[in-house]
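Okay, here's what each chain looks like letter by letter:
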Amino acid sequence: MLFTTNLTDRIRSPQLRISERARGSGSPSLLLAILLILVVGTTIFVFAARLYPAPAPISRDAVLVDRQYNLTLYIAGVAFLLAQLGLAYTVVRFRDRGQKARFLRGNAGLEILWTSLTLFVFVGLGVLGRKAWADVRFTAPAAGAIQIEGTTSQFVYAFRYPGKDGKFGRIDPSFVSAPTGNPLGIDPKDPTGGDDIVASELIVPVNRPIELLLRSQDVVHNFFVRELRLQQDAMPGMIIPVHFTADHIGQYEIVCTQLCGLGHSNMHSLLRVVSQSEFEMFLNRQAIGP
Ligand SMILES: [Cu+2]
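Residues numbered from 1 in each chain as written. Predicted model: local features only at pLDDT ≥ 70, side-chain atom pairs only at ≥ 80, totals over all residues. Heavy atoms only, no water.

Draft legend 1. Seen up close, the overall build of the protein. A tally of regular secondary structure across the protein gives six helices and ten strands. The globule rule puts the C-alpha radius of gyration for 290 residues at 19 Å, and the 30 Å found for the protein is more than 25% above it. Over its C-alpha atoms, taken along the principal directions, the protein stretches across nearly 100 × 45 × 35 Å. Every one of the 290 residues in the protein was classed for burial, and the buried ones make up 30%. Counting contacts in the protein only where the partners sit at least 6 residues apart, residues at least 24 apart contribute 70% of the total. Computing the positive centroid from 28 side-chain charges and the negative centroid from 23, the protein places the two 17 Å apart. (Helix = DSSP H or I, 4+ residues; strand = E, 2+ residues; numbered from the N terminus. Rg over C-alpha atoms; globule rule 2.2 N^0.38 Å. Buried < 20%, exposed > 50% of the residue type's maximum accessible area, 1.4 Å probe, protein only. Contact = heavy atoms within 4.5 Å. Lys, Arg positive; Asp, Glu negative; His and termini not counted. Charge placed at Lys NZ, Arg CZ, Asp CG, Glu CD.)

Written out as structure tokens, the structure is:
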């Protein structure tokens, strides 16, 4: 009974409540501020020290993508730094000292300021980035681009070159038969398909524009080459063109970045950027046949 009376008295007395809270510790707010500073410091260190650098770019568009990525990273980095340090300062500065909390109705001017600032930054970055992204998709490839068709299926890539006539043969799903050497279903009666070359790796000459026509035979797959900074889904029923010009001879991995089934993790191929003469040798070798 005594306990109940005491408790009621304490709740009723605001002075008592405030003085009790004043005895609270300031350490949780300090700890939170230190934790925030540590998280910010570690994050900035990881990016600034370039602990996980991307492989060197091998096309002009890849350089544009890197430039855009860095710009976005710097702007987002500054916003992240200011927001987190502001938060750390606020939790310490306005920690509970037993004072009465003040209610603020908000500040319309400030709301308008940071909303329009955010809008400006996002739209601005989008407009600036349109070149890096849209250049390989919505513009025509340079004149004289070599057309290569890239077909994805569970869990392989097949690349088709049009052969000497420069024309791809007609494709019909009813002719698809990997065991008989026709994985893409090229119509045997179409004369333009007789010289088509099908390879499991993408071989391209250096410094020549390539137009890659992406298709899929079954589910959504993806064509991703890190060094080209080019990543594009392949959709069943669609032909999606992308183009690139690789300016460094070498071998680069092509991976599928869509979870396309149980064998997804094994779905990869190679992009071989070779000299013009090596490319011609490859075409001639394939044209003669096995
Ligand atoms: Cu796939």
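Draft legend 2. The arrangement of the sheet that holds strand β8 (residues 240-244) in detail. Ordered in space as β3-β2-β1-β5-β8, the five strands form an open sheet in which the pairing is mixed. Of all strands in the sheet, those with a lone pairing partner are β3 (197-199) and β8, marking the two edges. Averaged over all pairs of adjacent strands, the angle between their axes in this sheet comes to 25°, without regard to strand direction. With three bridges connecting them, strand β2 (residues 156-161) and β3 associate as antiparallel partners. Of the residues in β3, the one forming a bridge with Arg160 is Val198. (Pairing = 2+ DSSP bridges. Axes fitted to C-alpha atoms, helices over the stretch in contact; angles between N-to-C directions.)

Draft legend 3. Representation of the coordination of the copper ion. Here the copper ion is held by His221 (ND1), Cys256 (SG), Cys260 (SG) and Met267 (SD), and the distances to it run 2.1 to 2.5 Å. Relative to the metal, the four donor atoms surrounding the copper ion lie at angles of 91 to 125°, and the coordination shape comes out tetrahedral. Donor residues for the copper ion, ordered by position in the chain, follow H-x34-C-x3-C-x6-M. Residue His221 is found in strand β6 (residues 221-225), and its partner Cys256 is found in the loop between β9 (250-255) and β10 (268-274); the two are separated by 35 residues along the sequence. (Donors = N, O, S within 2.8 Å, 3.2 Å for Na, K, Ca; no water. Tetrahedral: all angles 85-135°; square planar, octahedral: opposite > 155°, others 65-115°.)

Draft legend 4. Spatial organisation of the domain arrangement of the protein. On domain assignment, one finds that the protein holds domain 1 (24-98 + 106-137) and domain 2 (146-288). Using only C-alpha atoms to locate each centre, domain 1 and domain 2 end up separated by 39 Å. The interface of domain 1 with domain 2 comprises 13 residues on the first partner and 16 residues on the second. When domain 1 packs against domain 2, the two sides together hide about 1200 Å² of surface, and 52% of this comes from carbon and sulfur. In terms of surface lost to domain 2, no three residues of domain 1 exceed Pro55, Ile58 and Arg137, which account for 54% of the buried area on that side. (Domains from an automatic or database assignment. Buried area = accessible area lost by both parts, 1.4 Å probe.)

Draft legend 5. Local environment of the packing of aromatic side chains. Per the stated rule, a full pass over the model turns up five aromatic pairs. Taken together, a centroid distance of 6.2 Å and an interplanar angle of 50° make the contact between Tyr161 and Phe279 tilted. Here Tyr161, found in strand β2, pairs with Phe279, found in helix α6 (residues 276-288); they are 118 residues apart in sequence, far enough to count as distant. The same class applies to Tyr161 and to Phe279, which are both buried. The positively charged end of Arg93 is found above the aromatic ring belonging to Phe94, 5.0 Å away from the centroid. (Phe/Tyr/Trp six-rings, centres within 6.5 Å; stacked < 30°, edge-to-face > 60°. Lys NZ or Arg CZ within 6 Å of the ring centre and 35° of its normal.)

Draft legend 6. Representation of the nonpolar core within the structure. By size, the foremost hydrophobic cluster in this structure holds 35 residues, and its most contacted members are Tyr161, Leu202, Phe223 and Leu271. With near-sequence residues (within four places) excluded, Leu202 lies in contact with Ile148, Phe159, Tyr161, Leu212, Phe223, Phe244, Ile254, Ser269, Leu270, Leu271 and Arg272. (Core = buried A, V, L, I, M, F, W, Y, C linked by side-chain atoms within 4.5 Å.)

Draft legend 7. Representation of unusual backbone geometry within the structure. Residue Phe155 is reached from Gln154 by a cis peptide bond, and omega for that bond is 0°. In this structure, Arg50 takes a positive phi of about 50° despite not being glycine. Structurally, Arg50 is set in the loop between α3 (27-48) and α4 (60-93). Of note, Arg229 is a non-glycine position whose phi angle comes to about 50°, a positive value. With respect to the helices, strands and loops of the structure, Arg229 is situated in the loop between β6 and β7 (230-234).

Draft legend 8. Spatial organisation of α4. Its 34 residues place the ends of α4 49 Å apart at the C-alpha level, agreeing with the 50 Å of an ideal helix rising 1.5 Å per residue. Turning to α4, its buried residues are Asp61, Ala62, Leu64, Gln68 and Ala88. Considering only its buried residues, α4 is in contact with α3 and α5 (108-134). (Expected span 1.5 Å × (residues − 1).)

Draft legend 9. Representation of the packing of α4 against α5 within the structure. Where α4 meets α5, the closest approach of the two axes is 9 Å, and the angle between their N-to-C directions is 165°. Regarding the angle of α4 to α5, the classification is roughly antiparallel. With respect to the hand of their crossing, α4 and α5 are arranged in left-handed fashion. Contact with α4, carried on its side by Leu64, Val65, Gln68, Leu71, Thr72 and Ile75, involves Val121, Leu125, Leu128, Gly129, Lys131 and Ala132 of α5 and no other residues of that element. Across the contact of α4 with α5, the residue classes break down as eight nonpolar, three polar and one charged. (Parallel < 35°, antiparallel > 145°, perpendicular 65-115°, else oblique. Left-handed = near helix turned anticlockwise from the far one by under 90°. Nonpolar A, V, L, I, M, F, W, Y, C, P; charged D, E, K, R; others polar.)

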